Amino acid sequence: MRWALALLLALAAGAGSLYWVTAGFTALTAEDARRQAVASDPRPLPDARVLRPDGATVSLLEDLRADGRVAIVNFFYSRCESLCLAQGSQTGRLQQAIGERGLASRVRLLSISFDPRDRAHELAGYARRMDARPDVWQFLSFADPGERDRLLGIFGIVVVPAPLGQFEHNAAFHVVTPDGRLARIVDLDDPGEALRVAETLAAGAGR
Amino acid sequence: MSARACLANASAALALCAAALVWRAPLTALMSTHMLVQIPLLVLAGVCAEQAWRAGRDRVPRGDSGGRSAAWSYNEYGMPGLLFVSLVGACWMVPRALDEALIDWRMAAFKVLGLPVAGWILRASLRRSNTVVKLFFLGNFCWMGAIAGLIYQDQPVRLCNAYLQDDQAWTGNGLIALSIALPALWLLARIGPVWRYLNR
């Protein structure tokens, strides 16, 4: 009898731990957990000073507010030879879709570099390589490492230095509203969903 | 003899725990050392602590075995204990646990406190279990480790945000090696009872 009770207790404690570790049996990876947490509870973003390709330094929250469009944000570094190229081509497809569906007045794309080596010159060069339309797809870089780390922390982006001056980082489409809230994170393989979410949010905001 | 065993095991437990904590930065810099070195160190610290406690307790002569039989009936054949340890083991096969242990103090506490406790329970339960129960839980743990290892080897995407892709594949290799080595070592050490069981 005591044995059965102990067995039940062990099962409850062990299964409870597993439940907690997997965020209620829903997420095996931190990336899944991050996406679910944001979907159920959108996060306000802290401000950070950012560099533009024209050399100006502006406040990110101010930029989001002034622009007024819903932004689909992703993170990159211009020297990337792997993931960012795939991410860049997916974002390119998004740019095309935004143009074709006449959404440029409501949705824009924002690629932010986390690499301190990326200054105005590198951003401008990267924008050219990506065939970015300046009114639809903008590029930024961080002005201050402390502010960068804080913002990346809220986004849940982890950048790991890799050999040969490369970085490995988690990538996704982050839908951010003009009031500076991270509303949803969508997989890189599903740009259509990112656009749909952004469109819905823009419509909800009355634009 | 028993006093010496107690002291030796207690020092081993402290040394293992200290190694896992003092070198936590280099040990958690790689997924492979985090999962295959630091976590086993913490579990082994618990195992040694239980052995030290056991040796210390046996040093004091006891009139009756009342305490022992009560403990026995709570953890008969070690099955509740081994079930708990298996589930804790499963927790640490989840990539999110490794990621969160680096940034969330609660997961870090679950690692640093929970794993020695699991090691303690593991050792105490193994004392009470028989060969069949041991084989069941060892087999269960090893196939779980091997499957996790295969997944880590083959995943084209990173499962941990904090670790590199190559490192993940190495962790997979290590988990598979562990899943082969553990039963092989156990079989070598315990060939007698297994042989008797098979020929009973």
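Residues numbered from 1 in each chain as written. Chains lettered and ligands numbered in written order. Predicted model: local features only at pLDDT ≥ 70, side-chain atom pairs only at ≥ 80, totals over all residues. Heavy atoms only, no water.

A. Fine view of the overall build of chain B. A count of helices and strands for chain B gives ten helices and zero strands. Each helix and strand of chain B, placed in order from N terminus to C terminus, yields the pattern α-α-α-α-α-α-α-α-α-α. The globule rule puts the C-alpha radius of gyration for 200 residues at 16 Å, and the 18 Å found for chain B is close to it. For the C-alpha atoms alone, the extent of chain B along its principal axes is close to 60 × 45 × 25 Å. (Helix = DSSP H or I, 4+ residues; strand = E, 2+ residues; numbered from the N terminus. Rg over C-alpha atoms; globule rule 2.2 N^0.38 Å.)

B. Focus on the interface of chain B and chain A. Each partner contributes residues to the interface: chain B has 28 residues there, and chain A has 30 residues. Note on chain B versus chain A: buried area summed over both sides is about 2,500 Å², and carbon and sulfur give 71% of it. Run the count over chain B and chain A and you get one salt bridge. The partner of Arg158 of chain B in a salt bridge is Glu168 of chain A, and the shortest N-O contact between them spans 3.8 Å. (Contact = heavy atoms within 4.5 Å. Buried area = accessible area lost by both parts, 1.4 Å probe. Salt bridge = Lys/Arg side-chain N within 4 Å of Asp/Glu carboxyl O.)

C. Broad picture of the pattern of salt bridges. On inspection of all chains with the given rule, the structure shows 19 salt bridges over all chains. Between Arg148 of chain A and Asp149 of chain A there is a salt bridge, with its nearest N and O atoms 3.0 Å apart.

D. A look at the sheet that holds strand E6 (residues 137-142) of chain A. All names here are of chain A. In space, the eight strands of this open sheet follow the order E1-E10-E9-E4-E5-E6-E2-E3, with mixed pairing throughout. The open sheet has two edge strands, strand E1 (43-44) and strand E3 (57-59), and neither has a second partner. Direction of pairing for strand E2 (residues 49-51) relative to E6: antiparallel, over a ladder of two bridges. Its bridge partner lying in E6, Val50 is registered against Phe142. (Pairing = 2+ DSSP bridges.)

E. Region of the structure containing the packing of helix H8 (residues 131-154) of chain B against helix H9 (residues 165-189) of chain B. All names here are of chain B. Following both chains from N to C, one finds H8 and H9 inclined at 160°, their axes separated by 7 Å at the closest point. Our classification of the angle between H8 and H9 gives roughly antiparallel. Handedness of the H8/H9 crossing: left-handed. Within the contact of H8 with H9, the residues separate by chemical class into 14 nonpolar, nine polar and one charged. (Axes fitted to C-alpha atoms, helices over the stretch in contact; angles between N-to-C directions. Parallel < 35°, antiparallel > 145°, perpendicular 65-115°, else oblique. Left-handed = near helix turned anticlockwise from the far one by under 90°. Nonpolar A, V, L, I, M, F, W, Y, C, P; charged D, E, K, R; others polar.)

F. Representation of the environment of Ile185 of chain A in the model. Residues and elements named next belong to chain A. Position of Ile185 relative to the elements: it lies in strand E10 (residues 181-186). With 77 residues separating them along the chain, Ile185 and Arg108 place their C-alpha atoms 15 Å apart. The residues contacting Ile185, other than those within four sequence positions of it, are Arg34, Arg35, Val38, Phe155, Ala172, Phe173 and His174.

G. Focus on the packing of helix H5 (residues 79-91) of chain B against helix H7 (residues 105-128) of chain B. Residues and elements named next belong to chain B. Two elements in contact, H5 and H7, have axes separated by 9 Å at closest approach and are oriented at 145°. Taken as a pair, H5 and H7 cross one another with a handedness that is left-handed. Here Gly81, Leu82, Phe84, Val85, Val88 and Cys91 of H5 come into contact with H7, specifically with Phe110, Leu115, Ala118, Ile121, Leu122, Ser125 and Leu126. For the contact of H5 with H7, the residue count by class is eleven nonpolar, two polar and no charged.

H. Broad picture of a nonpolar patch on the surface. All names here are of chain B. Together, Val132, Trp195, Tyr197 and Leu198 line one region of the surface with nonpolar side chains, adding up to about 440 Å² of accessible area. By residue number, the principal contributor to the nonpolar patch is helix H10 (residues 191-198), which donates three residues. Within the secondary structure layout, Tyr197 lies in helix H10. (Patch = residues over 30% accessible without salt bridge, like charges linked within 9 Å, V, L, I, M, F, W, Y side chains within 5 Å. Areas by Shrake-Rupley, 256 points an atom, 1.4 Å probe, with all protein chains shown as cover.)

I. Main features of the pairing of strand E7 (residues 159-162) of chain A. All names here are of chain A. Across the two faces of E7 the burial differs, with Val160 and Ala162 buried and Val159 and Pro161 not buried at all. Here E7 pairs with strand E8 (residues 166-169) via four bridges, running antiparallel. Paired with Val159 across the bridge in E8 is His169. Linkage of E7 to E8, two consecutive antiparallel strands, is achieved through a turn of three residues, within which Leu164 is found at a positive phi near 65°. (Buried < 20%, exposed > 50% of the residue type's maximum accessible area, 1.4 Å probe, protein only.)

J. Spotlight on the nonpolar core. In this structure, Ile72, Phe75, Phe139 and Phe155 of chain A are the most contacted members of the largest nonpolar core, which totals 55 residues. When residues of this core are assigned to their parent elements, the largest contribution, six residues, is made by strand E4 (residues 70-76) of chain A. Apart from residues no more than four positions distant in its own chain, Phe75 of chain A is found in contact with Gln87, Ile112, Phe114, Phe142, Leu152, Phe155, Ile157, His169 and His174 of chain A. Membership of the second largest hydrophobic core comes to 38 residues, among which are Leu16, Val88, Cys160 and Tyr163 of chain B. (Core = buried A, V, L, I, M, F, W, Y, C linked by side-chain atoms within 4.5 Å.)

K. Structural context of the environment of Trp120 of chain B. Residues and elements named next belong to chain B. Its place among the elements puts Trp120 in helix H7. With relative accessibility at 31%, the residue Trp120 sits in the partly exposed group. Counting along the chain gives 27 residues from Trp120 to Ile147, while the straight-line C-alpha distance between them is 26 Å. Among residues more than four places away in sequence, those in contact with Trp120 are Gly46, Val47, Ala49, Glu50 and Trp53.

L. Highlighting the pairing of E6 of chain A. Residue and element names in this part refer to chain A. Counting buried positions along E6 yields six of six residues, so the element is predominantly enclosed. Covered by surrounding structure in E6 are Trp137, Phe139 and Ser141 together with Gln138, Leu140 and Phe142, the residues of both alternating faces. Alignment of strand E5 (residues 107-113) against E6, held across five bridges, turns out to be parallel. Within E6, the position partnered with Leu110 by the bridge is Gln138. Taken together, E5, helix H5 (residues 120-129) and E6 form a β-α-β motif whose crossover is right-handed. (Right-handed = clockwise from strand over helix to strand, strands pointing away.)

M. Inspection of unusual backbone geometry at higher detail. Its identity is not glycine, yet Leu164 of chain A carries a phi of approximately 65°, on the positive side. Assignment of secondary structure puts Leu164 of chain A in the loop between E7 and E8. Judged by its relative accessible area of 82%, Leu164 of chain A is exposed. For Tyr77 of chain B, which is not glycine, the phi torsion reads 55° and is therefore positive. Summarising the element assignment, Tyr77 of chain B is placed in the loop between helix H4 (66-74) and H5.

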